[in-house]
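# Reading the structure
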2 protein chains.
Amino acid sequence: MVQPTEVRTSIPDYHMTPDEFRRYGYAAVDWIASYMQEVERYPVLAQVAPGEIRSRLPAQPPMEGEPFDAILADMERVILPGVTHWQSPNFFAFFPANASGPAILGDLLAAGLGVQGMIWATSPACTELETHVLDWMAQMLALPPAFHSSSTGGGVIQDSASSAALCALIAARERATGLASNARGCDGRLTAYTSTQAHSSIEKAVKIAGLGQENLRLIEVDEQYAMRVDQLAARIAADRAAGKIPCFVSATVGTTSSNGMDPLAEIGAVCRAEGVWLHVDAAMSGTAAICPEFRYLQRGLELADSYCFNPHKWMFTNFDCDCFYVADRRSLIQALSILPEYLRNQATESGAVIDYRDWQIPLGRRFRSLKLWFVIRHYGVEGLRAHVRRHVALAQEFLGWVIAHPDFEQAAPAPLNLVCFRHRGGDAVNQRLLERLNASGALYLSHTKLDGRYTLRMSIGQTHTEAHHVAAAWERIVATAQAVVAELEEVETP
Amino acid sequence: MVQPTEVRTSIPDYHMTPDEFRRYGYAAVDWIASYMQEVERYPVLAQVAPGEIRSRLPAQPPMEGEPFDAILADMERVILPGVTHWQSPNFFAFFPANASGPAILGDLLAAGLGVQGMIWATSPACTELETHVLDWMAQMLALPPAFHSSSTGGGVIQDSASSAALCALIAARERATGLASNARGCDGRLTAYTSTQAHSSIEKAVKIAGLGQENLRLIEVDEQYAMRVDQLAARIAADRAAGKIPCFVSATVGTTSSNGMDPLAEIGAVCRAEGVWLHVDAAMSGTAAICPEFRYLQRGLELADSYCFNPHKWMFTNFDCDCFYVADRRSLIQALSILPEYLRNQATESGAVIDYRDWQIPLGRRFRSLKLWFVIRHYGVEGLRAHVRRHVALAQEFLGWVIAHPDFEQAAPAPLNLVCFRHRGGDAVNQRLLERLNASGALYLSHTKLDGRYTLRMSIGQTHTEAHHVAAAWERIVATAQAVVAELEEVETP
């Protein structure tokens, strides 16, 4: 076996000293500050070919350590050409994933502390700040009383709305079966429901949790891309009649495709009547509820069993930060609880503390509430509201331009900051238009299909997007569309 | 609906400017450097009562933003008293969760870039650096060829070994059922196997994935706390005879309780013969394989279908960073793949790129490979080896003291850096000894039970632990034990 040797005292230390950390830390901060200043100079969508970044990296890891300056220099040489700039004010694709100064620095301090908050005892501040800040958020969004930790429920930070949906589904599954699925496994009878417009994470969760994709009912939507409640009720009734066990409905506040808004009050009434768990996925649009004038979009939320929204999208809090709430925390904890001997401790056994390991899939957890706390305190509620209102106003202005232009049309309602639109020239024009726009590097948009038609999505929510960025984007869209139409006409008339 | 107004130009910006970010960033870096210098001054285990940290926080969120200096000052006033200091060299509890300068700064740069690596196109560098660095790690640990991305498999960063185990289990489930579980759900016939000493995350994964806890067989261990392969083979055979479908075995390289080492070659032979997926959880001890002399612990790994280890434990890479490898990536991707229209893109459809969203539970992902790249380059392979050897040597020296002392005994084999030991005075002495040691604030140890007996765990692996910390810990353990024994004798002889 290994012998204790003098190796302990004779080797170099290798670690960065606190003074070195100060020096290199300043350099890293400077690098980010410069990046913030220069981000608009880069093509928004990375223009590299597959394998190009890897080809710049040595095939073998270094045997000896390298100076920090050399490592930092490779950020420019190796990494930046392969970055798609989510922090560019010209990023209009998908939904935003916003960083901000206070979030970055809150996360930095969390990394410096390096605590593991799996149970209360392994850092009480990590657990208690999280509970507290999520109660703040519940006030800020005017969430129903049951979602506050002082009531029967409470909030927890998850990595993403995907994981939140999976946790909600597991809790629903166990509530419906009296913990029998946890004990004996699924038996193919449980069914789940969401709309055809819901995020793919619902389908993924249904597969992971052992329900099976065939037991997920994709409910039709109306012309506003909102779930049809009559169809939901009919499908639940049909399943019950066929011996199935309906256990979970996921409704969406702001679908990914088109920002469709499911009618929560009506869906909630069906769920209550049927005893089915209602989860509400407000990943993107939940942030809007910080502003009282947008809270109507979440009307009926008091009927939900769980809810999530992502400050890492539209609330200037670095990924990952999904706020997940349950109305009855016992349902969640019973479904996910484990307690091996090596984690037993007095605080847990007293029942006086929260152990967040029982509110999530993994055991370990970072101190993510720090960045959220920093963001709320830096901006203040009014500062956050101002930005939401600004982004919504910019999107509504853009929508006005779409409607006023004879060659373009609005493709879906735009209640907030996502505008779905298309050129009237058909799918080929729109697809080529998107490719051309993104290849220009000047901006980045993404697409979807609505009623089978290729549709462009203009998502306005990046931290630094200003009116002139949106105006420049629209000018480029119009000019590029004219060029694309001309090209396609040339091909057709030789 | 909302009107475009002059609000856009008249409101204050609220955002931190690049210059402000520089100033506050330096302050945050200084704060961490000071924390590094002073960490030994704090009690290792936080000494606060439940609710104490929350009581220092205002009940309502601030309506107006606050100055950064005020926020930073609360790190000292509010947060630090509630921190259990995982980065203290006197932290000997659980397993380590090490931070280091290069990891913190790599993570800081990732936060500054703020990219979302869910698919290749949303930042090619995020995907390609990850694939590349995980190939480096495969070389560093001498993993079997199939785990390299140039072969049939490859690696991906997960948040934790819990999530890695769940992904492995889902892939195994779908391989065993020809994707029928994903389609129609579980049917109660699938069975899984691990030892009585395995991590609780295996049980949690079996519940989440819809197999049911009753279908998880906890196989007995031998006197070394290693899985008994004869019992495994017998149990699989019995299940098959009873119409069950054995699909998943999880073996452990370094159990959490006692660092027990399951015999991979023998377990692998059974799995191959039975067509059962073998997952190997080397969360803590995998790091040791950086040193050639410890690779014998992973002998037989070429028979595994998946493998994981956590650089966020013993390799100076901030949580979260679990490296998860599969030998056949198709099995994993088929089980977890989703492709909604709004994520379709040319690169994905070309088949020339990896989209890591199909290798994990959530959709979104951070640029976690940056911190791992920084760590490997800063320390170099030789630097990392030196620290592993130093920690193992320190643990072996500690073990020598335990063995030599008449009042103490070794409780389990200690092949690496975890020493399980106990006072010969019985459970009451050991439990009170642990409480007294942790309440002193001078160090933090945790416990387990082995063969029903209360056992102390001395886990040596914190980044900055030196010989004198271990020596001081032993002196305190011996002195405190004498005091505890005297107290208990006094109670018994009034």
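This text goes with the structure placed above it.
A brief structural summary. (Residues numbered from 1 in each chain as written. Chains lettered and ligands numbered in written order. Predicted model: local features only at pLDDT ≥ 70, side-chain atom pairs only at ≥ 80, totals over all residues.)

## With respect to the interface of chain B and chain A
To be explicit about the condition: With C-beta atoms placed from the backbone, a contact is any residue pair whose C-beta atoms sit within 7 Å. Runs of H or I in DSSP of at least four residues are treated as helices and runs of E of at least two as strands, each being numbered from the N terminus. Amino acids outside the nonpolar list (Ala, Val, Leu, Ile, Met, Phe, Trp, Tyr, Cys, Pro) and the charged list (Asp, Glu, Lys, Arg) are all regarded as polar, and Gly is one of them.
On the chain A side, the residues contacting the 144 residues of chain B number 145 residues. Ranked by residues supplied to the side of chain B that touches chain A, first place goes to helix α14 (residues 369-404) of chain B with 18 residues. A class-by-class count of the residues in the side of chain B that touches chain A yields 74 nonpolar, 45 polar and 25 charged.

## Digging into helix α2 (residues 18-38) of chain A
Put simply, the rule is: The span you would expect from a helix comes to 1.5 Å times its residue count less one.
Its 21 residues place the ends of α2 of chain A 30 Å apart at the C-alpha level, agreeing with the 30 Å of an ideal helix rising 1.5 Å per residue. Buried residues along α2 of chain A sit against α3 (68-79) and α4 (101-113) of chain A together with α2 (18-38) and α4 (101-113) of chain B.

## With respect to the environment of Ile219 of chain B
Residues and elements named next belong to chain B. Inclusion rule: We call a residue exposed when 12 or fewer other C-beta atoms sit within 10 Å of its C-beta, buried when the count reaches 20 or more, and partly exposed for counts in between; the C-beta positions come from the backbone.
Inspection of the secondary structure assignment puts Ile219 in strand β3 (residues 216-219). Taking the number of C-beta atoms within 10 Å as the measure of exposure, Ile219 has 24 and is therefore buried. Considering only alpha carbons, one finds Ile219 and Leu169, 50 residues apart in sequence, at a separation of 17 Å. Excluding residues within four positions of it along the chain, Ile219 makes contact with Tyr193, Thr194, Ser195, Thr196, Met227, Arg228, Gln231, Leu232 and Arg235.

## Some points on the packing of α2 of chain B against helix α3 (residues 68-79) of chain B
Residue and element names in this part refer to chain B. Inclusion rule: Orientation is described by axes fitted as lines to C-alpha atoms, over the contacting stretch for helices, and by angles from 0 to 180 degrees between their N-to-C directions. Should an angle fall under 35 degrees it is taken as roughly parallel, and over 145 as roughly antiparallel, whereas 65 to 115 is taken as roughly perpendicular and any remaining angle as oblique.
Two elements in contact, α2 and α3, have axes whose closest approach is 11 Å; the angle formed by their N-to-C orientations is 10°. Compared by their axis directions, α2 and α3 come out roughly parallel. For the pair α2 and α3, the contacting residues are Tyr24, Ala27, Ala28 and Trp31 in the first and Phe68, Leu72 and Met75 in the second. Looking at side-chain class alone, the contact of α2 with α3 contains 7 nonpolar, no polar and no charged residues.

## Remarks on the relation of the copies chain B and chain A
How we decide: We place the copies in one frame by least squares, fitting the C-alpha atoms of every residue whose pLDDT is at least 70 in both.
In screw terms, the move from chain B to chain A is a rotation of 180° and a rise of 0.0 Å along the axis, fitting with an RMSD of 0.0 Å. Taken together, the turn and the small shift mark the pair as related by a two-fold rotation axis.

## Here's the deal with the pairing of strand β2 (residues 190-195) of chain B
Residue and element names in this part refer to chain B. Rules: In this analysis, strands are considered paired if DSSP registers two or more bridges between them. We call a crossover right-handed when, viewed with the strands running away from us, the connection from the first strand over the helix to the second turns clockwise.
Counting buried residues in β2 gives 6 out of 6 residues, a clear majority hidden from the surface. Side chains of β2 alternate between two faces, with Leu190, Ala192 and Thr194 and Thr191, Tyr193 and Ser195 buried alike. In this structure, β2 lies alongside strand β4 (residues 245-252), joined through 5 bridges in parallel fashion. If you follow Leu190 over to β4, its bridge partner there is Ile245. Crossover connection from β2 via helix α8 (residues 200-208) to parallel β3: handedness right-handed.

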